[in-house]
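# Structural features, examined
Spelled out, the chains give:
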Amino acid sequence: MKQEHKCDFMNLPASKNMNNDRRDFLKKMGLIGGGIIIYCTIGNTGRSIAQPGFGSTPDFNAFLRIGIDERVTCFIGKVDMGQGTITSFPQLVAEELDVAYDRVDMVMGDTDTCPWDIGTGGSMSIRIVGVQVRSAAAEAKGVLKLLAAEYLKCPVERLKTKDGVVFDTKKSDSKVTYGTLAKGNIIEKHLETKPSVTSPDSFEFIGKPYFHQDAHKKVTGMAQYAGDIRLPDMLYAGILRPPVHGALLKSADLTEAKKIEGVQVIEDDNFIAVLHEAPDIARMALSMIKAEFDLPSTSLNDKNIYEHLVKTPVQPQIKEKKGDIEEGVKLAKELFEETYLSAYVAHAPMETHTSLATIENGKVTIWASTQSPFAIQRTVAEGMKLPADKVRVITPFVGGAFGGKLTMVTDSNLEALEAARLAQLTGRPVQVSFSRAEEFFYDTFRPAAIVKIKSGIDGSGKIVFWNNDVYMAGDGGTEVIYDIPHQMVNIYGTWMMPPPGAHPFRVGPWRAPGVPNNIHAKEMQISLMAAKAGVDPLEFRLRHLKDEKMIGVLKAAAKKFGYKPAKPVSGRGIGISCGIDVDTYVAHIGEIEVDKKTGEIRVKRVVCVYDMGLCINPQGTKIQMEGACIMSMGYALSEGIRFSDGAILDKNFDTYRIPGFSWVPKIETVILKKDNDPPHGAGEPAVIGMGALIATGLFDATGARLFEMPMTPERVRAALNKV
Amino acid sequence: MKEKISFTINDKPVTLEVEGDRELLWVLRTELGLTGTKYGCGEGVCGACTVLVDNEAIQSCQVRIRDVAGSKVTTIEGLEKDGNLHPLQKAFVDHDALQCGFCTPGMIMKAHSILTENPNAKKEEIVNAMDGNLCRCGAHPRIIDAIVDAAKILKKG
């Protein structure tokens, strides 16, 4: 089976200008104040994630500082938006450097002090950067031993480390601390032979459960998010927004707004902002602007969008091709042809997009709620015609993001440049914070998608062909995991590069981009075929699987669930799903119940299993799995953006319903122990199977075949009527 | 029109001269620097801005500052006493009942109000009462466990 990486944004070419990179690196070392600073080469991981020519440090990609105070600081360009890497990175450092966990401090997502980073997404923090940090820490320990050998005048072979101290194994009083060796100097050193990392049987920190280390700040209100940072003389901005996508400002009467005491109005072309020392007063003044817009007529809405998307011209990409579909069709006794739909879904983090910008001595500093501090640095530098080193982006606590604050192709932090421009125009620090309506309006939604599958089984119940066309979701999760002789998968447009004119607004990555849409369709199709074959859906899957890892996660889920095979449709409401995301194998088995009168579905129980290779923090991973299962009930059951003629009709959580406390099922998680495998993604994979789990569960409960997400009560009732 | 408005904030008396129709949320955040109370929706449908007014949970984006004159307002910053976390705060830490943490202050304040009103609240009652407080990360089961646990500790005194 193919195991290539689907994240094409990871394969950008590395910078060629190494001398500049090295100068940047040394400058950054000066900024972070000395100590022993170790770097490791990206080449170690075999993957390049460097960005060409813009503030990148491709060969100096992990900073570790050991201060004279014996504290270790780890500088990472990634951010923690709640997924908990601020807790798990120190485990890697502590393990390989041999220091206590609580002596490691993290600095994340600061463009002045952290190495360049592509943005926090794709569950890449641990599986890519974590691997680099781990080897950097191991190398740092080797460098410290070399320095200690000189200091203690002792051959390096006799030296060992323990908890931040290097000691002579033959002379117990001959020892020196890391901080003493560092002396506060910048020391650049490389080992000729790379030391190996700690083996799993000696782990002290890796693989142990660590709770959120920032919990105390979060339960006391001390954790500062971008909107909580206050600077002297700062202003809060409200910005005039178009009522619909594609609208053009015709005129704006600012008279009333200007009458409000303390208000400052900025007009810069079609950009109109109202600023005040109080955010609510700025908003109130904004609401007094009488603006007229030219409105476009797209005639697209959430009902007719699928027809439009299927018709949008785009060159398909062949993802899989094996055998001959026509031959497969000839072998088939039963044919299945279904079309699966999934709506636009909002990221809807609890914290809306927020940036605070200030300009001092020609340098812009921005505190931003983002997954992409370095992308903001680039956007703001370009937008304000400044060199990159005149823009610093600092990422404070981030109140959720899920891909919505990640700039891949589409700029996902519009507010950052707006804040910077306003800071320039007013000469004061300015905060731009989206209202909830702006958050929905400017969200880079998970694209609506259409997945068509034709498949067939022969007389013995074996799947003989699989013909899969995917529109707009992309190829995430489309690999054919089942053993099928004739297969063809075509991709028409992706979430990342949608064809022009496809979507009436911006789209972008949403936690495990495209994968939930594809898994929903594929796994429902499998269950439909299993039912026709008269075979238990778990058994049907196992019969068609050769991949031991996939068999492993399914069997582990069945065991934890206490699964008993039954002929479909069993009436029990048991749903099942499996797939691969960010190299992690994941299986879901769960139980749902449906109120046949109202059409309301309730998820009663979910078992979720990961084979994710080496798990650094099982506690953090478990929480990610639970959270992903809960979040995913939204796209499966209730979330679909309603829109019409460019207007986003859902403006708040009263109509856009996300999962609440009363929805939450019993969730059990299993992480298979695979310490000798490299670490794979943790944050995303558990979202991929919940749509399929609920659709197959509904089918198993009632025989209802529902092909559209979200599975609203209305649609459930309609599907039940057809049974 | 600015008015003089007096109330108690986290056990301390305060008098502010502000426009009386400003929402409590923004006065807390800008005039008093109490930024633990968060803006999430502005329409009282997410609970991120929940604070206590005379021990009862209210969504501070829905209350005008004029209306809390003479009242006792408590925010997340007011729960810790003498450097000790409130049992609810401690339970949230012990149960790892958060991810991004943005909804956490509102969750804790709402839970505080539920348990003040009914120290014997059952798990189902807590779930239903918390339903208006939204969390996008999916920390729900841990939040409920934390509240149930804190209820036991609070009852013991």
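## Details of the overall build of chain B
Secondary structure assignment for chain B yields five helices and five strands. Reading chain B from its N terminus to its C terminus gives the helix and strand order β-β-α-β-β-β-α-α-α-α. Over its C-alpha trace chain B gives a radius of gyration of 15 Å, about what one expects of a compact globule, namely 15 Å for 157 residues. Summarising its shape, the C-alpha atoms of chain B cover approximately 45 × 30 × 25 Å along the three principal directions. By the burial criterion, 56% of the 157 residues in chain B qualify as buried. Restricting to contacts in chain B with at least 6 residues of sequence separation, those with at least 24 account for 59%.

## Considering the interface of chain A and chain B
Contact with chain A, which involves 47 residues of that partner, is made by 45 residues of chain B. No other element matches helix 16 (residues 618–637) of chain A, which puts seven residues into the side of chain A that touches chain B. Taken together, the residues that form the side of chain A that touches chain B break down as 22 nonpolar, 17 polar and eight charged.

## Quick notes on the domain arrangement of chain A
Residues and elements named next belong to chain A. The domain boundaries assigned to chain A delineate domain 1 (8–212), domain 2 (226–295 + 353–433) and domain 3 (305–345 + 445–721). If you look at the interface, domain 1 gives 18 residues, while domain 2 gives 20 residues. For the side of domain 1 that touches domain 2, a count of residues per class yields six nonpolar, eight polar and four charged.

## A few points about unusual backbone geometry
All names here are of chain A. Between Pro 568 and Val 569 the backbone carries a cis peptide bond, its omega angle lying at -5 degrees. Along the polypeptide, Val 569 turns up in the loop between helix 15 (548–561) and strand 22 (574–581). Cis geometry is found at the peptide bond from Met 709 to Pro 710, where omega equals 0 degrees. Here Pro 710 shows up in the loop between strand 28 (708–709) and helix 18 (713–721). One non-glycine residue, Glu 70, lies in positive phi territory at about 70 degrees. In this structure, Glu 70 sits in the loop between strand 2 (63–66) and strand 3 (72–76). The exposure class of Glu 70 is partly exposed, given the 17 C-beta atoms found within 10 Å. Notably, Asp 233 is not glycine yet its phi reads approximately 70 degrees, a positive angle.

## Quick look at the packing of helix 2 (residues 87–94) of chain B against helix 5 (residues 140–156) of chain B
Residue and element names in this part refer to chain B. Contact pair helix 2 / helix 5: the axes reach a minimum separation of 8 Å and the direction vectors enclose 140 degrees. Regarding the angle of helix 2 to helix 5, the classification is oblique. Of the two possible hands of crossing, helix 2 and helix 5 adopt the one that is right-handed. Between helix 2 and helix 5, the residues in contact are Pro 87, Leu 88, Ala 91 and Phe 92 and Ala 146, Asp 149, Ala 150, Ile 153 and Leu 154, respectively. Each residue belonging to the contact of helix 2 with helix 5 can be placed in one class, and the counts come to eight nonpolar, no polar and one charged.

## Looking at the domain arrangement of chain B
For an interface, size is often stated in terms of accessible area lost upon the parts coming together. All names here are of chain B. Assigned domains within chain B: domain 1 (2–78) and domain 2 (87–156). One C-alpha centre belongs to domain 1, the other to domain 2; they are set 21 Å apart. On the side of domain 2, 13 residues touch domain 1, which itself brings 14 residues to the contact. Every element with two or more residues in the side of domain 1 that touches domain 2 is listed here: strand 3 (50–53) and strand 4 (56–59). Residue composition of the side of domain 1 that touches domain 2, grouped by class: seven nonpolar, five polar and two charged.

## Topic: the environment of A:Leu335
Residue and element names in this part refer to chain A. Mapped onto the elements of the fold, Leu 335 is located in strand 14 (residues 334–342). Take Leu 335: there are 12 C-beta atoms within 10 Å of it, and that puts it in the exposed class. Separated by 123 residues in the primary sequence, Leu 335 and Asp 458 have C-alpha atoms spaced 9.1 Å apart.

## With respect to the confidence of the model for chain A
Residue and element names in this part refer to chain A. Residue-level pLDDT values for chain A average 91, and 91% of them are 70 or greater. With pLDDT under 50 throughout, residues 1–19 is counted as low confidence; its partners more than four residues away or in other chains account for 26 contacts. Predicted confidence is poor over residues 41–61, with pLDDT under 50, and the contacts of this stretch with residues over four places away or in other chains come to 61 contacts.

Conventions and cut-offs
- Residues numbered from 1 in each chain as written.
- Chains lettered and ligands numbered in written order.
- Predicted model: local features only at pLDDT ≥ 70, side-chain atom pairs only at ≥ 80, totals over all residues.
- Helix = DSSP H or I, 4+ residues; strand = E, 2+ residues; numbered from the N terminus.
- Rg over C-alpha atoms; globule rule 2.2 N^0.38 Å.
- Buried ≥ 20, exposed ≤ 12 C-beta atoms within 10 Å, placed from the backbone.
- Contact = placed C-beta atoms within 7 Å.
- Nonpolar A, V, L, I, M, F, W, Y, C, P; charged D, E, K, R; others polar.
- Domains from an automatic or database assignment.
- Axes fitted to C-alpha atoms, helices over the stretch in contact; angles between N-to-C directions.
- Parallel < 35°, antiparallel > 145°, perpendicular 65-115°, else oblique.
- Left-handed = near helix turned anticlockwise from the far one by under 90°.
- pLDDT = per-residue confidence, 0-100.

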